[in-house]
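Geometric and topological summary
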Amino acid sequence: MKKITLKLVMIALILGYSLNIWGQDINLSGTVVDAHGISIPGVSVVEKGTSNGTITDVDGKFSLSVPSEAQVLVFSFIGFETQEVSIDANTTQLNVELTESVVFLDEVVAVGYGKMTRKDVTSSITTVKSEDLNVGAYSDPSQLLQGKVPGLTITQTSDPNGSSSITLRGASTLRTGEAQEPYYVIDGIPGMSLSLVAPEDIESIDVLRDASATAIYGSKAANGVIIVTTKRGSKNGKTSVSYSSYIAADNVLSNLDMMTASELRAYASANEITLPNDEGADTDWQKEVQRTGFSQNHNFSMNGGDEETSYSASVNYMEKEGIIKGTEMDRIIARSFLETTTLNDRLTLSFSLNGSITNNHNVPIGTQGTSVLDAMNYYSPLVPVRNEDGSWYEGSGISQNYNPMSMIREDEYNTESKRLQGVTKASVKLFDGLLYNLSLSHQNEQNIYSNYNTSDSQIYSSENGLASRTAVENKKTVFETYLNYDKTFNETHKLGIMAGYSWEQNDYNDGFGLTVYNFYNDDLKYYNLGYANNMDISGINSGYTLSTLRMISFYGRLNYSYNSKYLFQATMRRDGSSAFGENNRWATFPSVSASWRMVEEDFIKNMNVFDDLKFRVGYGVSGNSLGFDAFTAIQTYGASGWFTYTDANGNTSDYRTLAATSNANPDLKWERTSMFNIGMDFGFFKNRLTATLEYYDKRTKDLIYSYAVSTNRYPYGSMLANVGEISNKGIELSLNVIPVETEKFRWESSFNLSHNKNEVISLSNQTYSVDYINAANPNIGGYSTANVQRIMEGEAIGTFYMWEWAGYNDSGVSQFYVHDAETGERTGEFTTSPQETDRTKVGCAQPKFTYGWNNTFTYKNWSLTAFLQGVTGNEILNSTRAQYNYVALVATGKNVLSEVATNQNFADVNAQAPSDRYLEKGDYLRLSTLSLNYNFGKIGEFIKGLNVYATGNNLFTISKYKGLDPEISLGGLTPGIDSREYFYPRTRTYMLGLKINF
């Protein structure tokens, strides 16, 4: 008994001791490094199967308490393979080495109606992660991509209410606006508005560049497709909260050197000019009009969830002042997302609700004379801003002469835009590998345009207060359903099949407008139009007519991969749209592409040179149905005037007369763009150097343009028809390299270079014919009807076709070369009165190369990013300089450039004539962004990460261009025109920001 009792006591003691140990937590610590022994900050260290975890600090060190029964820790970090490390109750110290993963091959790329790994992609797709997007106080989301994607040409604007011009692989249509730009897809929903996405909410942007990638979107993809993926909830069982903010200040980068009051008086005296309005003042109108523009941005977001349900929500507020007084915008965006899985993870449901409210405040811009951007230069410095009685000074008797400060204060143009989008999605796993997807989205957009010109307005001086208000609503509904089947057979054959159906309805331009005038005072502005004494009946409705377009689509894709070595893809889409003629409402858009991952071949492996080597080739056809309305192909009529009707009783009344406003064309069909693309992807030095080289041949046929027709045959004098053809051919190169990587320092560099050759192949056929299309009228004084470009066969869009300046004649007047009317060659003679036949090709606005170069230097917690971009080989018409060299402006009471006093003959009545005299090289290199960031890492118990940064935009520009700025629009049908009425002065921006993760 004593022995048994002693054994039981011993067992109890041992058991109690064991239980005591089991119930205690283990305090673990350690360091995480890479293959080179360099510590890795930010690595996630989590007890497997739980939410208990931490991240490594700036020295790669971590500490974590886990229960004694814990068995495995999971170490994960972007760019490295996830590693699981076993532990036991005796483990206290861990030193872990992570292995780099081939990120660019295994990363997920968004494609139409699905996702693929990079190594399985056979098309030309460029992905830009959120951390690689441009940094700046941008109100236009497209500015985030400038210089980042080869072939994507973006021209920014400093106008807070403006939008950038954007072109992918050259212009391929004769239509303008939406028809020139890429198609946007947001979180898988096609055709949604980018204004619903704040830059801070973007996870990545995928740019589909060739037709084998874009053809799955059929009739909307001729100009490429930009897929935006926003941030989503997590599944780690935790809720994370983040806040980011910045403040920024904008100052004008440069101003025109206009004459000061003393220079103007001296010039007038030297040339015996009587100044008509010298009031003894010395006013700097540029200084009066401009200011330092301040901006602020705040973004609050949270996301979280577990394996079954994830969620995210964010609110963004932005306020941006322009450097022109009276120009500003503010915007609030709210986004929410919820996703859950059920039925044993077979059914996934997601819901999102997104909304934005944008307020744009503007001043008169764009119209000759009545543009603040023009008036701040031409208005005389000899006059004051206000008269002695406080009223605005007005130079009466001078044509198109308006006090710019009066326009800013007395003429306001405001727009309020509200957008609301709801999206619901469902995905069902029918069986292994087969997924059924359904999505329904609806977007509602309401725009209210409110303008008021006060009783003191100089533009509308006789209306005694002019108010107009217009409300316009646009609605878009998209329903899509498709099947995805993905299966791997024998670990070698990977098969992917997608088939779907889409239905879309767009209700655009549903609006009503009213214009009234003659108020008793200006107190109510446009808020109660009923108080006006007169109504402008021509302003009723203002041309807003509901346009309903419907589109039905069937589409499919087949992917096949053999051992990830030989890859093949084919797509097909058939679209039907109510926009086109009744005989051509359907079209088919196919594509096929293949790639050979040569690096998987033994003879390539044995070379020990390449870490990646892939050859890609593809061909596809896409269309361009963007920018049409329901009335494009049908006969329409509109109000053309009035007639007096007398009834049987002799009573008279006025009735509208109606007349044709367009002709019906039942044969109008889709513009079709075909593209052949060849690409090579390279990887060297363990993929520290990767490169992509592309060649493409892009041809667009059946161009839609308005041709003159006989009114003896048709009720209207022009007809929309499919006639022309445009070609774009180009080469693109992109490089990504890590030149230096040590324990404390890392240098990452990326470079892209693009060349595109644009050519108009044809403009005529047997039915519709035009020799050329005159374009680009810069509205230069004395030459108000002179165009400076021609769209013609054999030349690029943006070809300058002007007079050739031949210096001065004996009288000091500019003269020009005379050209033979038949041959177009110079005759050897000169003229001071050039004719239309004397115009000739003198240059082109299309650049030979566009490029972007990004460098990021990281030292411990510091990182410095320098991004440069530019263009070369293009020409710009400095029409602003031409206008302000117009010497006759001085005698009429306006201002001119200072250079007129030394470089311009006063007797030269042709000084401003639009000729190659004002055609300048547009090459430039710009330090677009310089950003310094400090990462504090984890601070205390609640702050998981803190980053503080300082950024400068447009810090310097290297260019020989004499105008305000060489970054002139390269998009549309009239690229390369420096227009004084539209060009918003470029700004230099300084900003301070922070990002906090809780």
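All of these numbers come straight from a predicted model, not from anything done at the bench.

A look at the overall build of the protein chain
- Scanning the protein chain from terminus to terminus reveals 11 helices and 50 strands.
- For a compact globule of 998 residues, the expected C-alpha radius of gyration is about 30 Å, and the protein chain comes in at 33 Å, within 12% of that figure.
- Burial status across the protein chain gives 52% buried among its 998 residues.
- Total accessible area on the protein chain stands at roughly 44,700 Å², and carbon and sulfur atoms take up 53% of it.
- The averaged location of the 110 negative side-chain charges in the protein chain is 8 Å from the averaged location of its 80 positive side-chain charges.

A few points about the pairing of strand β20 (residues 328-342)
- Bridge count for strand β19 (residues 309-321) against β20 is 13 bridges, and the pairing is antiparallel. Bridge pairing in β20 links threonine 309 to threonine 340.
- The antiparallel hairpin formed by β19 and β20 contains 6 residues in its connecting segment, where glycine 326 sits at a positive phi of about 90°.
- Adjacent in sequence and paired antiparallel, β20 and strand β21 (residues 347-362) are bridged by 4 residues, among which leucine 343 carries a positive phi angle near 55°.

Some details on the sheet that holds strand β37 (residues 773-775)
- The 4 strands are arranged β37-β38-β39-β43 in an open sheet whose pairing can be described as antiparallel. Strands with a single pairing partner mark the edges of an open sheet, and in this sheet they are β37 and β43 (840-844). On average, adjacent strands in this sheet sit at an angle of 40° to one another, irrespective of strand direction.
- Examined bridge by bridge, β37 and strand β38 (residues 789-791) share 3 bridges and lie antiparallel to one another. Its bridge partner being in β38, asparagine 774 is matched across the sheet by arginine 790.

Points about the pattern of salt bridges
- One pass over the full model with this rule turns up 40 salt bridges.
- With its nearest N and O atoms 3.4 Å apart, the salt bridge here joins arginine 597 to aspartate 612. Linking arginine 597 in strand β29 (residues 586-597) with aspartate 612 in strand β30 (residues 610-624), this pair joins segments that are 15 residues apart in sequence. Each member of the pair arginine 597 and aspartate 612 is classed as buried.
- Across the pair arginine 616 and aspartate 681 runs a salt bridge whose closest N-O atoms are separated by 3.0 Å. Here aspartate 681 lies in strand β33 (residues 671-684) and arginine 616 lies in strand β30, a separation of 65 residues in the sequence. Here the two residues arginine 616 and aspartate 681 agree in accessibility, since each one is buried.
- Three or more residues are tied together by salt bridges with common partners; here these are Arg169, Arg209, Arg616, Asp681, Glu694 and Glu732.

Focus: the side chain of serine 244
- Mapped onto the secondary structure, serine 244 falls in strand β17 (residues 239-252).
- If we ignore the near neighbours within four places in the chain, the residues touching serine 244 are Glu200, Asn297, His298, Asn299, Leu994 and Lys995.

A few points about the pairing of strand β42 (residues 826-831)
- In terms of strand pairing, strand β41 (residues 814-819) meets β42 through 3 bridges, oriented antiparallel. By the bridge assignment, phenylalanine 816 is partnered in β42 with threonine 831.
- Between the end of β41 and the start of β42, which pair antiparallel, lie 6 residues, with glycine 824 showing a positive phi angle near 80°.

Concerning the nonpolar core
- Core analysis: the largest hydrophobic core is formed by 43 residues, its most contacted members being Tyr267, Val289, Ile324, Val372, Met405, Val890 and Val900.
- For this core, the secondary structure elements donating two or more residues are α4 (261-270), α5 (285-289), α6 (372-378), α7 (404-410) and α10 (888-892).
- Element by element, the count of residues in this core is highest for α6, at 5 residues.
- Those residues in contact with valine 900, other than ones at most four positions away along the chain, are Met259, Tyr267, Tyr884, Asn885 and Val887.
- Of all hydrophobic cores here, the second largest spans 23 residues; its members include Ile154, Ile189, Ile226 and Val478.

Topic: the packing of aromatic side chains
- The final tally for this structure, using the stated rule, is 30 aromatic pairs.
- Note on tyrosine 378 and tyrosine 379: the rings are 6.4 Å apart at their centroids and 55° apart in plane angle, and the pair reads as tilted.
- Since its relative accessible area comes to 3%, tyrosine 378 is described here as buried.
- Connected via pairs of aromatic rings, a cluster forms that spans Tyr113, Tyr183, Tyr217, Tyr482 and Tyr555.
- When the ring centre of phenylalanine 867 is taken as reference, the NZ or CZ atom of lysine 148 above it lies at 4.3 Å.
- A cation over an aromatic ring shows up here: arginine 386 above the ring of tryptophan 392, its NZ or CZ 3.6 Å from the ring centre.

Observations concerning the sheet that holds strand β15 (residues 202-208)
- If you walk across this open sheet you meet the 5 strands as β10-β15-β16-β13-β14, and the pairing is mixed. With one partner strand each, in any of the chains shown, β10 (125-129) and β14 (189-190) form the two edges of the open sheet.
- In this sheet, β14 lies alongside strand β13 (residues 183-186) in antiparallel orientation, the contact comprising 2 bridges. When the bridges of β14 are listed, valine 185 appears paired with proline 190.

Looking at the environment of leucine 145
- Tracing the chain through its elements places leucine 145 in the loop between β10 and β11 (152-155).
- Here leucine 145 falls in the buried class, since its relative accessible area comes to 3%.
- Between the C-alpha atoms of leucine 145 and glycine 972, which are 827 residues apart in sequence, the distance is 19 Å.
- Non-local contacts of leucine 145, meaning those with residues more than four positions away in its chain, are made with Val128, Leu133, Asn134, Leu152, Ile154, Ile205, Val207 and Ile226.

Thoughts on the side chain of aspartate 507
- Along the polypeptide, aspartate 507 turns up in strand β25 (residues 493-517).
- Buried charge without a partner: aspartate 507 forms no salt bridge, and the closest opposite charge is lysine 475, 4.9 Å away.
- Side-chain polar atoms of aspartate 507 contact the side chain of threonine 548, separated by 2.7 Å.
- Beyond its immediate stretch of four places on either side in the chain, aspartate 507 contacts Glu473, Asn474, Lys475, Leu546, Ser547 and Thr548.

Topic: unusual backbone geometry
- Within the chain, aspartate 345 stands out as a residue other than glycine whose phi angle is a positive 65°.
- Note on placement: aspartate 345 falls in the loop between β20 and β21.
- Classification of aspartate 345 by relative accessible area gives partly exposed; the value is 44%.
- With a phi close to 55°, serine 564 is a non-glycine residue in the positive phi region.
- Note that serine 564 resides in the loop between β27 (547-562) and β28 (566-577).

Comments concerning a nonpolar patch on the surface
- The grouping of Ile497, Leu558, Tyr560, Tyr562, Tyr566, Phe568, Val592, Tyr619, Phe676, Leu693, Tyr695 and Ile731 at the surface amounts to a nonpolar patch, some 980 Å² of accessible area in total.
- Going through the elements one at a time, β27, β28 and β34 (689-708) are the ones with two or more residues in the nonpolar patch.
- Looking at the nonpolar patch element by element, the count peaks at 3 residues for β27.
- Mapped onto the elements of the fold, leucine 558 is located in strand β27.

What to know about the environment of glutamine 83
- With respect to the element layout, glutamine 83 can be found in strand β6 (residues 83-86).
- On the accessibility criterion, glutamine 83 (27% relative accessible area) is partly exposed.
- With 16 residues separating them in the primary sequence, glutamine 83 and threonine 99 have C-alpha atoms 8.5 Å apart.
- The residues touching glutamine 83, leaving out its near neighbours within four places in the chain, are Leu73, Val74, Phe75, Val96, Glu97 and Leu98.

Observations regarding a negative patch on the surface
- A contiguous patch of negative charge on the surface is contributed by Asp306, Glu307, Glu308 and Asp345.
- Its place among the elements puts glutamate 307 in the loop between β18 (293-305) and β19.
- Given a relative accessible area of 59%, glutamate 307 falls into the exposed group.

Here is what the cut-offs are and how they apply
- Residues numbered from 1 in each chain as written.
- Predicted model: local features only at pLDDT ≥ 70, side-chain atom pairs only at ≥ 80, totals over all residues.
- Heavy atoms only, no water.
- Helix = DSSP H or I, 4+ residues; strand = E, 2+ residues; numbered from the N terminus.
- Rg over C-alpha atoms; globule rule 2.2 N^0.38 Å.
- Buried < 20%, exposed > 50% of the residue type's maximum accessible area, 1.4 Å probe, protein only.
- Areas by Shrake-Rupley, 256 points an atom, 1.4 Å probe, with all protein chains shown as cover.
- Lys, Arg positive; Asp, Glu negative; His and termini not counted.
- Charge placed at Lys NZ, Arg CZ, Asp CG, Glu CD.
- Pairing = 2+ DSSP bridges.
- Axes fitted to C-alpha atoms, helices over the stretch in contact; angles between N-to-C directions.
- Salt bridge = Lys/Arg side-chain N within 4 Å of Asp/Glu carboxyl O.
- Contact = heavy atoms within 4.5 Å.
- Core = buried A, V, L, I, M, F, W, Y, C linked by side-chain atoms within 4.5 Å.
- Phe/Tyr/Trp six-rings, centres within 6.5 Å; stacked < 30°, edge-to-face > 60°.
- Lys NZ or Arg CZ within 6 Å of the ring centre and 35° of its normal.
- Polar contact = N/O pair within 3.5 Å; in protein donor to acceptor, adjacent residues only side chain to side chain.
- Patch = residues over 30% accessible without salt bridge, like charges linked within 9 Å, V, L, I, M, F, W, Y side chains within 5 Å.

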